[in-house]
Each structure stands twice: as structure tokens, then as C-alpha cells.
Amino acid sequence: MFHIVFYEPRIPPNTGNAIRMTAATGTTLHLVEPLGFDLSDAKLRRAGLDYHDLARVHVHAGLDAALTYVRDQGTGRVYAFTGRTESSFAEVAYQPGDALLFGPEPDGLPEHVLADERMTALVRIPMRPGVRSLNLSNSAAIATFEAWRQHGYAGGI
């Protein structure tokens, strides 16, 4: 399935929500350190409810480790989500094994990550003018469900 990558996430409930979403979709969540919280944080656990045992979550010491892992386990294609491009995420023909990369709250992915040669493409989720960003876990869910939809919600009921 797909790899959902959170680069240096800072808000525990967003990661908890993503844990729940990845359990529901059969995707894998990758967390790139440093994290802005401890994985035992009560807010993270509460947001993930009882889905922690059903989710696949990997913690990586840095971006290089995460990208090496998703390259070796997937397609090697990495889509970086950012408001700094005009390309819509909906125009991508996703393949199982693709990685969807999201930046931390509130700033998003830093320039050095966006410029990394391992990025397949920079994509954005369309929004109305004047809105700075969507919530991290909402953005990840929107992107994940679009990628999964393109494959007939494989494995879902």
C-alpha cells in the first residue's frame, strides 16, 4: 500500500489521528525525528484510540533513513505536499508503494527537503485563497484517500 511520511511532526493529536487513518486504510505511517512529542503522549494515544495495535508505524532517525526505507519497500516515488507549488495532488497517478510526504505544523516542509533530488514531485491540495494551510492529519487523510481511491480502495470493504 502507500507510505505516509510525517517529517518532524510536532502536535501529538495530529499524529494520533494519522495512526487511526493508516490503520483504517492499510497504509504505513513513517515518523521522521526529531518528534515534537513523546510517543507515549496521552494526547497521541487518545487521538489514535485503540488503533495503535492495528497500525504500522515506523520511526526514523532522519529524512535519509525514512527515504531509504520507503525507496527499498516501495516504488521510490516521493510526493512532497506543499503550498509552494501549483501542481495539484489530484493530477498524480499514484502507485501502491508511493510515499506521501508532509511537513510539520505550522511551517510545512523546509526548502532543503523540497529541493531534495529524491522528491518525485511537489504537489498541493487546492484551497480557497487566503487560507494558509490545512490541518496535518486532514491533509494526510485527503491525500491518502485519493491515492487509495485510484486503486478501487483495495483491501477495503
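I will try to describe carefully the structure that is included in this document. Since the structure is predicted, the reported quantities are computational estimates derived from the model, not experimental observations.

The rules behind each value
- Residues numbered from 1 in each chain as written.
- Predicted model: local features only at pLDDT ≥ 70, side-chain atom pairs only at ≥ 80, totals over all residues.
- Heavy atoms only, no water.
- Helix = DSSP H or I, 4+ residues; strand = E, 2+ residues; numbered from the N terminus.
- Contact = heavy atoms within 4.5 Å.
- Lys, Arg positive; Asp, Glu negative; His and termini not counted.
- Charge placed at Lys NZ, Arg CZ, Asp CG, Glu CD.
- Pairing = 2+ DSSP bridges.
- Axes fitted to C-alpha atoms, helices over the stretch in contact; angles between N-to-C directions.
- Expected span 1.5 Å × (residues − 1).
- Buried < 20%, exposed > 50% of the residue type's maximum accessible area, 1.4 Å probe, protein only.
- 1 Å grid on protein atoms, 1.4 Å probe; cavity = no way out; pocket = protein on both sides within 12 Å on 5 of 7 lines; lining within 4 Å.
- Points joined across faces, edges and corners; volume = space filled by probe spheres on them.
- Nonpolar A, V, L, I, M, F, W, Y, C, P; charged D, E, K, R; others polar.

A few points about the overall build of the protein
Piece 1. The secondary structure content of the protein amounts to five helices and six strands.
Piece 2. Contacts spanning at least 24 positions in sequence make up 75% of the contacts within the protein whose residues lie at least 6 apart.
Piece 3. Averaging the locations of the 14 positively and 17 negatively charged side chains of the protein gives two centres separated by 6 Å.

Digging into the sheet that holds strand E4 (residues 78-81)
Piece 1. Within the open sheet, the six strands sit side by side as E3-E2-E1-E5-E4-E6. Their pairing is parallel. Both outer strands of the open sheet, strand E3 (56-60) and strand E6 (121-123), are each paired with one neighbouring strand and no more. Pairwise comparison of adjacent strand axes, ignoring direction, gives a mean angle of 25 degrees for this sheet.
Piece 2. With three bridges joining them, E4 and strand E5 (residues 99-102) adopt parallel strand pairing. Along E5, the bridge assignment pairs Ala80 with Leu101.
Piece 3. Helix H1 (residues 12-25) rests against strand E1 (3-7), strand E2 (28-32) and E3 of the sheet, and its axis sits at about 155 degrees to E2.

What to know about helix H5 (residues 136-149)
Piece 1. If you check H5, its first and last C-alpha atoms are 20 Å apart, about what 14 residues at 1.5 Å a residue would give, namely 20 Å.
Piece 2. Of the residues making up H5, those classed as buried are Leu136, Ser137, Ser139, Ala140, Ala143, Thr144, Glu146, Ala147 and Trp148.
Piece 3. Elements that come into contact with the buried residues of H5 comprise E1, H1, E4 and E5.

Digging into the layout of surface pockets
Piece 1. Taken as a whole, the largest pocket spans an internal volume of roughly 490 Å³.
Piece 2. The wall of the largest pocket is formed by 24 residues, among which Gly83, Gly108, Ser133, Leu134 and Ser139 lie closest to the centre.
Piece 3. Considering only residue class, the lining of the largest pocket consists of eleven nonpolar, eight polar and five charged.

Let's talk about unusual backbone geometry
Piece 1. Across the junction of Glu33 and Pro34, the peptide omega takes the value 5 degrees, indicating a cis bond.
Piece 2. Summarising the element assignment, Pro34 is placed in the loop between E2 and helix H2 (42-48).
Piece 3. At the junction of Glu105 and Pro106, the peptide bond is cis and its omega measures out at 0 degrees in the coordinates.
Piece 4. Among the structural elements, Pro106 can be located in the loop between E5 and helix H4 (111-114).
Piece 5. One non-glycine residue, Glu8, adopts positive backbone phi at about 50 degrees.
Piece 6. By the element assignment, Glu8 lies in the loop between E1 and H1.
Piece 7. For Tyr153, which is not glycine, the phi dihedral falls at a positive 55 degrees.
Piece 8. Note that Tyr153 resides in the segment after H5.
Piece 9. Of the residues examined, Tyr153 reaches a relative accessible area of 36% and is grouped as partly exposed.

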